[in-house]
Structures are given as structure tokens and as C-alpha cells.
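Structural overview for review
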Amino acid sequence: MFIFAVRRIVTAIPVLLVATFITFWATSAVSNPLDRLATCQTCSQQAYDRLIDLYDLDQPIPQRYVSWIGDFVTGDMGQATSQGERPVSEIFWERGLNTILLAAPAFVLLTIVGAVTGVYSALRQYKFGDYAVTSVSYLGLAMPTFFFGLLLQVVFAIWIPQWFGVKPFWSSGMHLESPYQYLRSVTLPVLTLMFVLLAGDSRFIRAAVLDIKSADYIRTARAKGVSNRKVITKHLFRNAMIPIVTLWSLNAAALFSGSIITETIFSWPGYGRLFLDAAFQGDVDLTMAIALAITVLVVLMNLLADLMYGVLDPRIRYD
């Protein structure tokens, strides 16, 4: 397994290079730092020369990309021009922590609730519970993220305070004054992230459990008198976990890389909004740092999922 992991990490290097080069090329091609001086009537030639020297604008994009790679490897992430010339490394870790504070509880709750509702729906196929979960899932699949987020804001920030005189949750911003204030500010964005992803997760887990439920070894275990709880936990759910682990790895990559819509609606200062602002303003260094982090996260989550296959099913080998 160790050799397999090393081989996967080595083969991921070309993926990282290609992904970061495409992002670098796209950002550099559609934006030019010199455009900021186009309307400046008092800017001298020295200002133009400074920007050209700072961003190597006199060199082709591939050569500028190689220079960026060299600086990044040595720990120099550059300056974030879209954030007042602040060091990219400072903003990168600051916003990364904010994203973790939002994505971690969303991922934990999504994993637990998705597994419970998916298994429950599969075990009660074509019964009331199954129809109820299916109906809510279809509602989540059909409802856009921005609409559900705005709906939560209307309900908990306008209607409930008007009706009961209390405001249980913050409708925007990140509040870290105390654990209680953090829970108040993170609840609505977490519910927004969960509801949209939970709809697809519950349907996927239901299908995976139903596929295993009809297997011969499940019927054999029941015929031998194995308790229903043991059949579900030891045989059914564990074997259904292999495709589910893949789904969870994709969810983790999506959540921790930042959700642009949710963070924008709730004014949450994470990677999603930061990446969008940096890309629109042509901030190459900041855009590249976030793009590299997202790419690395996706590769690591897929590697972790591959390794979990061998843990869940000993028949899988990595020779």
C-alpha cells in the first residue's frame, strides 16, 4: 500500500502542473496589470516599468509560469494586488482557516445525515419513510443553492424575529467572539451546503445499499439467523461503503475548496469568495495559490479514497 501511495503521489505531479498552468494561462491571458494604469493621467513611465518588472510582463506566459513555480517552491507566494498588496501567504492561511470552520461541520453532518437517511430509505423501500426521504431529496435536487440560502435568511433573519422577537442565528458574516456566536453564524451556511449535497448523497447511498441488499451473501446471512443489526452493520453497509467513500471524497474536496455561492450569500470570508474576487481582478499570485490548494486537495482526497478501498475490502490489493 505504501508503494501504491507513493506511485499515486508521483503521478499526481503532472496533474498539478497541468492544472496550475491552465489556471495561470487563463488568468494571465484575460487580465493585464497595466490596464489599471490605462485611465491614470498622472502615472509616469516609471509606474509602467515597475509593473512590467514586478509581473515579468515582458516575458511569454510559459516563462512567467516557470518563474512563478520557482518562487512558490521557495516559499514566495507573491503579493495579493486585489487585497491591498498584502502577502499572499498571510491571506492564504487566514482564509483557509475560515473555510475549514465552515466546511468541517458541514462535511461531518453531511456524512452522518446522508448515511442515515440513505440506509433508512433503502431498508424501507417503497414504504412511507422511503417516499418521505425521496421527496425531500428531489426537493433538494431541484432547489438552487442561492434560493435555499436566501430562504433561510428570510425565515431566520426576518420572519422569526418579527413573530417571536428573537434572532436565533446570524444571517451574514463570521462571528468568532465565542463558541456560541460561532454556532449562530455557521448554522445557516452549513444547512445550505448540507441540503443541496444531501439530496444527491441520500439517493446515491440508497442505490448502493439496495444493490448490496439483494446479494446472495446477505440472504445467506439472514438464513443462518444472523441478527438484522449485524447484517446491516457488518455485511450490508460495509460492502456498500466502497462507492460511498468515493462520494465522500468528492464532497470533502468540494466543501473544503470553498463554496462561492454559499460564502457570497452569507458573507463568509473563505476561499470561495476570495478566489472569485482574485480571478476577476487579475490577481495572478492569489488565484494561483488557491487553485494549487484546491488541486492538491482533490488529488489527496482521491488518494485517500483509493487507500480506504483496501481497508474496507481486504480482497482489494495494490500490488
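Reference entry: report on the structure contained in this document. (Residues numbered from 1 in each chain as written. Predicted model: local features only at pLDDT ≥ 70, side-chain atom pairs only at ≥ 80, totals over all residues. Heavy atoms only, no water.)

Re helix H6 (residues 145-164)
We count it as follows: Each helix is a run of H or I in the DSSP string that is no shorter than four residues. Each strand is a run of E no shorter than two, and both are numbered from the N terminus. In a helix, the anticipated span is given by 1.5 Å times the number of residues less one. The reported bend at a residue is simply the angle between two axes, fitted to the 7 residues ending at it and to the 7 residues beginning with it. Should any heavy atoms of two residues lie within 4.5 Å, those residues are considered in contact.
Between its first and last C-alpha atoms H6 spans 27 Å; for 20 residues at 1.5 Å apiece the expected length is 28 Å, and the two agree. When the local axis directions of H6 are compared, the greatest deviation, roughly 30°, occurs at Val 155. Against the buried residues of H6 lie helix H7 (179-213) and helix H10 (260-265). One or two positions beyond H6, positive phi appears at Gly 165, with a value near 75°.

A few points about the pattern of salt bridges
Side chains that carry opposite charge are capable of pairing whenever their charged atoms lie near each other. The test is simple: Any Lys or Arg side-chain nitrogen located within 4 Å of an Asp or Glu carboxyl oxygen qualifies as a salt bridge. Throughout, exposure labels follow a simple rule: accessible area from a 1.4 Å probe, protein chains only, divided by the maximum for the residue type, with under 20% read as buried, over 50% as exposed, and the rest as partly exposed.
The final tally for this structure, using the stated rule, is three salt bridges. The residue Arg 86 makes a salt bridge to Glu 94 at a minimum N-O spacing of 3.2 Å. Among the residues examined, Glu 94 registers a relative accessible area of 38% and is labelled partly exposed. Among the ionic contacts, a cluster of salt bridges with common partners joins Arg 86, Glu 90 and Glu 94.

Brief notes about helix H3 (residues 61-73)
Here H3 contains 13 residues, and its C-alpha end-to-end distance of 18 Å stays within 8% of the 18 Å for a straight helix at 1.5 Å per residue. Gly 75 occupies a position one or two residues after H3 and carries a positive phi of about 95°.

Digging into a nonpolar patch on the surface
As a reminder of what qualifies: A residue counts toward a patch only above 30% relative accessible area and without a salt bridge, and it is joined to like-charged neighbours within 9 Å or, for Val, Leu, Ile, Met, Phe, Trp and Tyr, to nonpolar neighbours within 5 Å. To measure how exposed things are, a 1.4 Å probe is used in the Shrake-Rupley method; for residues, cover is taken only from the protein chains shown.
Judged by side-chain polarity, Phe 146, Phe 147, Leu 150, Leu 151, Ile 260 and Ile 261 come together as a nonpolar surface patch covering roughly 510 Å² of accessible area. Elements that contribute at least two residues to the nonpolar patch include exactly H6 and H10. Among the elements that take part in the nonpolar patch, H6 stands out by supplying four residues, more than any other. In this fold, Ile 260 is placed in helix H10.

As for the layout of surface pockets
Worth spelling out the cut-off: The method works on a 1 Å grid over the protein atoms by themselves. A cavity is a set of points holding a 1.4 Å probe that cannot get out, a pocket is an open set with protein on both sides within 12 Å along at least five of seven lines, and residues with an atom within 4 Å of a point line them. Grid points are joined across faces, edges and corners, and a volume is the space filled by probe spheres set on the points. Classification used: nonpolar for Ala, Val, Leu, Ile, Met, Phe, Trp, Tyr, Cys and Pro, charged for Asp, Glu, Lys and Arg, polar for all others including Gly.
Space inside the second largest pocket adds up to approximately 190 Å³. Every residue lining the second largest pocket is listed: Phe 92, Trp 93, Gly 96, Thr 99, Ile 100, Phe 256, Ser 257, Tyr 271, Ala 293, Ile 294 and Leu 297. If you list the elements that add at least two residues to the lining of the second largest pocket, you get helix H4 (88-123) and helix H12 (284-312). At five residues, H4 tops the list of elements feeding residues into the lining of the second largest pocket. Split into classes, the residues belonging to the lining of the second largest pocket amount to eight nonpolar, three polar and no charged.

Regarding the nonpolar core
To keep things clear, this is the line we draw: By convention a nonpolar core is built from buried Ala, Val, Leu, Ile, Met, Phe, Trp, Tyr and Cys residues, the set being connected through side-chain atoms within 4.5 Å.
Among the nonpolar cores identified, the biggest contains 22 residues, and Val 209 and Ile 244 are the most heavily contacted of them. Contributing elements (two or more residues each) for this core: H4, H7, helix H8 (216-223), helix H9 (228-256) and H12. With eight residues, the single largest contributor to this core is H9. If we skip the residues at most four places from it in the chain, Val 209 touches Val 119, Ala 122, Leu 236 and Ala 240. By size, the runner-up hydrophobic cluster in this structure holds 12 residues, among which are Ala 103, Val 186, Leu 198 and Leu 255.

Notes on the environment of Ala 289
When you line up the elements, Ala 289 lands in helix H12. Residues in contact with Ala 289, not counting those within four places in the same chain, are Trp 68, Phe 72, Val 88 and Phe 92.

A look at the side chain of Thr 145
For Thr 145, the location among the structural elements is in helix H6. Excluding residues within four positions of it along the chain, Thr 145 makes contact with Thr 192, Val 196, Ile 261, Thr 262 and Ile 265.

A short note on the packing of aromatic side chains
What counts is decided by this rule: Two rings from Phe, Tyr or Trp (for Trp, the six-membered ring) form a pair when their centres sit within 6.5 Å of each other. Planes less than 30 degrees apart are called stacked, planes more than 60 degrees apart edge-to-face, and all others tilted.
For the structure on display, the rule yields eight aromatic pairs. Here the aromatic rings of Trp 68 and Phe 72 are separated by 5.1 Å at their centres, their planes lie at 35°, and the arrangement is tilted. Placement of the pair is Trp 68 and Phe 72 together in helix H3, with a separation of four residues, close to one helical turn. Classification of Trp 68 by relative accessible area gives buried; the value is 5%. For Phe 72, a relative accessible area of 22% translates into the label partly exposed. Seen in terms of ring centroids, Phe 148 and Phe 195 are 4.3 Å apart; in terms of plane orientation they differ by 15°. Their pairing is stacked.

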